[in-house]
Amino acid sequence: MAQAVKKPGRAVRLPAWRTVAYEIALNGWRILRETVNDFSLWRLIEYPWATRALEVQPGDLVLDLGSGTSSYPHMLAKEGVDVIVLELDADRVRWQLAKRRATARRGDGRFFPLVASATAMPIRDESVQRIAAVSSLEHIPDDEAVGRELARVLAPGGLAALTLPYTSKGRTDFFKGIRKFLPAGPNAFVQEGKAGSFFRFYTEADLHRVYVAPGALKISPLEGFGRSILNGRYHETRLTRYWRRFVLKDLLLALIVHPLEERFDRSDPLYVMFTLRK
Ligand SMILES: C[S@@+](CC[C@H](N)C(=O)[O-])C[C@H]1O[C@@H](n2cnc3c(N)ncnc32)[C@H](O)[C@@H]1O
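Computed from a prediction, not measured in an experiment: that's the story for all the values here. (Residues numbered from 1 in each chain as written. Predicted model: local features only at pLDDT ≥ 70, side-chain atom pairs only at ≥ 80, totals over all residues. Heavy atoms only, no water.)

(A) Broad picture of the packing of helix 1 (residues 16-27) against helix 9 (residues 247-264). The N-to-C vectors of helix 1 and helix 9 enclose an angle of 165°; their axes lie 10 Å apart at closest approach. Viewed along their axes, helix 1 and helix 9 adopt a mutual orientation that is roughly antiparallel. Remark: the crossing between helix 1 and helix 9 carries right-handed chirality. In contact with A16, W17 and V20 of helix 1, helix 9 contributes V247, L248, L251 and L255. (Axes fitted to C-alpha atoms, helices over the stretch in contact; angles between N-to-C directions. Helix = DSSP H or I, 4+ residues; strand = E, 2+ residues; numbered from the N terminus. Parallel < 35°, antiparallel > 145°, perpendicular 65-115°, else oblique. Left-handed = near helix turned anticlockwise from the far one by under 90°. Contact = heavy atoms within 4.5 Å.)

Dropping the structure here:
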């Protein structure tokens, strides 16, 4: 799986408008009026960022951790990138394979489904140049095992692009009023009545302890999203049910409100994005 370091070539770019175009191509027009497949405003910020951060070119291989039912691996494959879809839930991997069979075209990158846990990956030491983990590792209770595994499988010079929920000290009002989450530890929650649904926020110290320290990796500056306007209205209110509809509205929020927030709003972001280099 190890690949030669950089060769000159076309960088793959997935601007927000193109991720919407891919979602329509992969899921049909209904994506414009309802959120399906883990897709939301945040992905319009995360997928463009992760693709840029990983410096991906056609023919490269990306290991996508916790793919769920996301379209991201398909978008990469359509750009000529080979993808390993690593996901714990076998049903979701089957869903991904069915989606792949229905949408594959000549010239796409290869698609390697893998039912496995990010805490114990069936992957050789130092064999992967690029890892993406988009809004997935916060759902894994044993995140320290994931941190060790990331350090183990990354090839020297390799890059991992992570997006994770963030707090500078503590979040107690998570999803207030819309879903019942019970505290399971500092900044960690389990969803009431839904076995196994785990969620956590990271402080900067947590990020260093769990993901940087095990491999003495080099971390980039944190980039944020979901500050007061988007987080307060998008995620944690009773309006969420309506607010989450209409992906074209998400596109406008990603292109207009998100950059303004990042420029002028110093409140805690809901999520941070960063790379780790070995
Ligand atoms: C929020 S979803 C995925 C988001 C997706 N990456 C996206 O771009 O929309 C989180 C996924 O992580 C998966 N997951 C949970 N524990 C895992 C583990 N130990 N190893 C791999 N995947 C895991 C869940 O089954 C779920 O599909």
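(B) A look at the pairing of strand 11 (residues 271-277). Counting buried positions over the seven residues of strand 11 gives six, a clear majority of the element. For strand 5 (residues 154-165) and strand 11, the ladder comprises seven bridges, and the chain directions are antiparallel. The residue of strand 11 that forms the bridge with A160 is L276. In this structure, strand 9 (residues 218-219) lies alongside strand 11, joined through two bridges in antiparallel fashion. Across the sheet, K218 pairs through a bridge with R277, a residue of strand 11. (Buried < 20%, exposed > 50% of the residue type's maximum accessible area, 1.4 Å probe, protein only. Pairing = 2+ DSSP bridges.)

(C) Structural view of helix 5 (residues 143-153). Buried residues dominate helix 5, accounting for eight of its 11 residues. Listed as buried for helix 5 are D143, A145, V146, G147, E149, L150, A151 and V153. Summarising the contacts, the buried residues of helix 5 are in contact with strand 1 (61-65), strand 4 (128-134), strand 5, strand 8 (198-200), helix 6 (204-212) and strand 11.

(D) Spatial organisation of the sheet that holds strand 6 (residues 181-185). Spatial strand order, 6-7-8: three strands in an open sheet with antiparallel pairing. The open sheet has two edge strands, strand 6 and strand 8, and neither has a second partner. On average, each strand axis in the sheet is inclined to that of its neighbour by 35°, with strand direction left out of account. Pairing of strand 7 (residues 188-191) with strand 8 involves three bridges; the strand directions are antiparallel.

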